[in-house]
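One letter stands for each residue in the lines below.
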Amino acid sequence: MSGPSAALGDPRRAAVAIDALRRGWPVTVQHLDKLLTVMAVETAQDISGVHAMLLSASRAATLKLTNQRAAADGDHPVLIKAPADLNLNLALAIADPSLDLAYPMKGPFAALALDDGQSAAVAIELARLAGLLPAFLVLDGAHGHPVYVSPLDVSAFDDSGALRIAARAKLPVAANADAEIVAFRTAVDASDHVALLMGTRDSSPPVVRLHSECLTGDVLGSLKCDCGPQLHEALQQISDARWGILLYLRQEGRGIGLINKLRAYALQDQGFDTVDANTRLGFAIDARDFSVAARMLQLLGVERVRLLTNNPEKVDGLQDAGITVEERLPLKIVANPHNAHYLETKKSRTGHAL
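In this convention, every chain numbers its residues from 1, walking through the sequence in written order. Whole-chain, interface and lining totals are the exception, using all residues; otherwise, since this is a predicted model, local features are given only for residues with pLDDT of at least 70 and side-chain atom pairs are given and counted only at 80 or more. Based on all heavy atoms of the structure, the side-chain values leave hydrogens and waters out of the count.

S.K.: So what exactly am I meant to see when it comes to the pattern of salt bridges here?
M.R.: A side chain with one charge can pair with a side chain of the opposite charge if their charged atoms come near. Counted as salt bridges are all cases of a side-chain nitrogen of Lys or Arg within 4 Å of a carboxyl oxygen of Asp or Glu. Per the stated rule, a full pass over the model turns up 18 salt bridges. In this structure, the salt-bridge partner of D19 is R23, at a minimum N-O distance of 2.8 Å. Residue D19 and its partner R23 are located together in helix α2 (residues 11-23), separated by four residues, close to a single helical turn. Partly exposed residues are those whose accessible area sits between 20% and 50% of the maximum for their type, while under 20% is buried and over 50% is exposed, using a 1.4 Å probe and protein chains only. We classify D19 as partly exposed; its relative accessible area is 33%. Where D115 meets K34, a salt bridge forms, and the shortest distance between an N and an O atom there is 3.8 Å. One end of the pair, D115, is in the loop between β5 (111-112) and α5 (117-130); the other, K34, is in strand β2 (residues 34-40), with 81 residues separating them in the sequence. Classification of D115 as exposed rests on a relative accessible area of 64%. Overall, K34 belongs to the partly exposed group, its relative accessible area being 30%. Under the DSSP-based scheme used, a helix requires at least four consecutive residues in state H or I and a strand at least two consecutive residues in state E, with every element numbered from the N terminus.

S.K.: Even after reading the chapter, I still don't get the environment of A335, so can you show me in this structure?
M.R.: Mapped onto the fold, A335 is located in the loop between β14 (324-329) and α14 (340-350). A335 sits 126 residues away from R209 along the chain, and the two C-alpha atoms are 20 Å apart.

S.K.: Help me out: how do you make sense of α2 in this one?
M.R.: An α-helical segment advances 3.6 residues per turn. Residues three or four places apart therefore align on the same side. Here the expected span of a helix is defined as 1.5 Å times the quantity of residues minus one. Its 13 residues place the ends of α2 19 Å apart at the C-alpha level, agreeing with the 18 Å of an ideal helix rising 1.5 Å per residue. Every buried residue of α2 is listed here: A14, A17, I18, A20 and L21. Down the axis of α2, the smallest arc covering the buried residues is 160°, so these residues share one side. Away from its buried face by more than 90 degrees, α2 exposes R12 and R22. When checking whether two residues touch, look at their non-hydrogen atoms; a contact exists if any pair is within 4.5 Å. Each element contacted by the buried residues of α2 is listed here: β1 (27-31), β2, α5, β6 (135-139), β7 (147-149) and α6 (151-157). Its side-chain oxygen at 2.9 Å from the backbone nitrogen of R12, D10 defines the N-terminal cap of α2. Phi turns positive, to about 85°, at G24, one or two residues after α2. Throughout, the arc means the angular range of directions from the helix axis out to the C-beta atoms. Pairs of N or O atoms are called polar contacts if they sit within 3.5 Å, as long as, within protein, a hydrogen donor faces a hydrogen acceptor (for residues adjacent in sequence, only side-chain-to-side-chain pairs).

S.K.: Would you take a moment to explain the packing of aromatic side chains for this structure?
M.R.: How two aromatic rings sit relative to each other is set out by the distance from centre to centre and by the angle between their planes. Put simply, two rings from Phe, Tyr or Trp (the six-membered ring, in Trp's case) pair if the centres are within 6.5 Å, and we call them stacked under 30 degrees between planes, edge-to-face over 60, tilted for the rest. Following the criterion strictly, the structure yields zero aromatic pairs and no others. Lying across the ring of Y265, K224 places its NZ or CZ 4.9 Å from the centre. Throughout this description, the term charge over a ring refers to an Arg CZ or Lys NZ atom that lies within 6 Å of the ring centre and within 35 degrees of the ring normal.

S.K.: Would you mind going over unusual backbone geometry with me for this structure?
M.R.: With the exception of glycine, the majority of residues adopt a negative phi angle, and the majority of peptide bonds are in the trans configuration. Looking along the chain, the bond that leaves G107 and enters P108 is cis, with omega of 0°. With respect to the helices and strands, P108 occurs in the loop between α4 (88-95) and β5. At K64, a position not held by glycine, the phi torsion is positive, near 65°. Structurally, K64 is set in the loop between α3 (57-62) and β4 (78-81). Residue classification places K64 among the exposed positions, given a relative accessible area of 65%.

S.K.: Where do I start with the nonpolar core in this structure?
M.R.: Soluble globular proteins: nonpolar side chains tend toward being buried together. Judged by nonpolar contacts, the single largest core of 31 residues is most densely connected at M53, L65, I80, L86, I94 and L137. Within the residue set of this core, elements represented by two or more residues are β3 (50-55), β4, α4, β6, α10 (258-269) and α11 (274-281). Per-element tally for this core: the top contributor is α4, with four residues. Working definition of a nonpolar core: buried Ala, Val, Leu, Ile, Met, Phe, Trp, Tyr and Cys residues. They are joined through side-chain atoms within 4.5 Å. Formed by 27 residues, the second largest nonpolar core is a distinct cluster that contains V38, V122, L126 and V154.

Laid out in structure tokens, this is it:
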């Protein structure tokens, strides 16, 4: 996100809030005259001062809360009254859909009126940025010593315009011994993105691949997805072109983080498809920000590309951020018995391979 609203916020406050949530510390979202003080359910260390829980709209739907007026709007998170017997184990069972088979008996819960939908939505977004479940314990406003953050701070943190080149070096790789690696970082986000450049640059648009980090597929050789084979095939096709660039984006799990991706895997093992698993956790089907890739290309002096992808949303994301996609090149990968259903489900539910 970029623009005037982002410039008014302080990304450092968002960075501190994200760190606080990961450590189990309270965070107060401050919007106009409203205050919402929360702790992330999965990192909280005690429940003193807790009077409610904040859940994603999809989690509220799974818990059968949408028949209550306060939870009927599927576009907003849902506030529920803390059960009388609430403890940390119960809070996690309420929050995490991957635990539903182990803890099937929960509720009924009473939905409460949400004072400020924007503050609640910002809290949910902070959870995603922190790689945490989008579920919170809601505290008395005066409880503890919370970190304060505003919606504008979060917008400023998500500003891809803050990305800068940090370092570059020659990096011989199996696909091309003359490759060069370029690292990018921002002042607030700890995720360092990289680009791998291959071939001799000329006036033609490079072949470009946007590849989102996948530890399980890229490094461990997981057969559940096609990320590893896609990465290696893309490197080979870029090397075979006149010149090209692989952008390796630190957006694990299509933007929801490694731990949440593993929770999605657990839900898939329970019979949910990959799309339902993400939404059941409270996230978008695809939460990646392709403006980061566009900014990396701009810093490399690239305005036109031939994009190696099966996903038209990547084309739209780059073009919306000012990069001209002159051609979309397909990336064909052979399925294996472990991911054939996964790939077919992605295609049938979204219209393309993700």
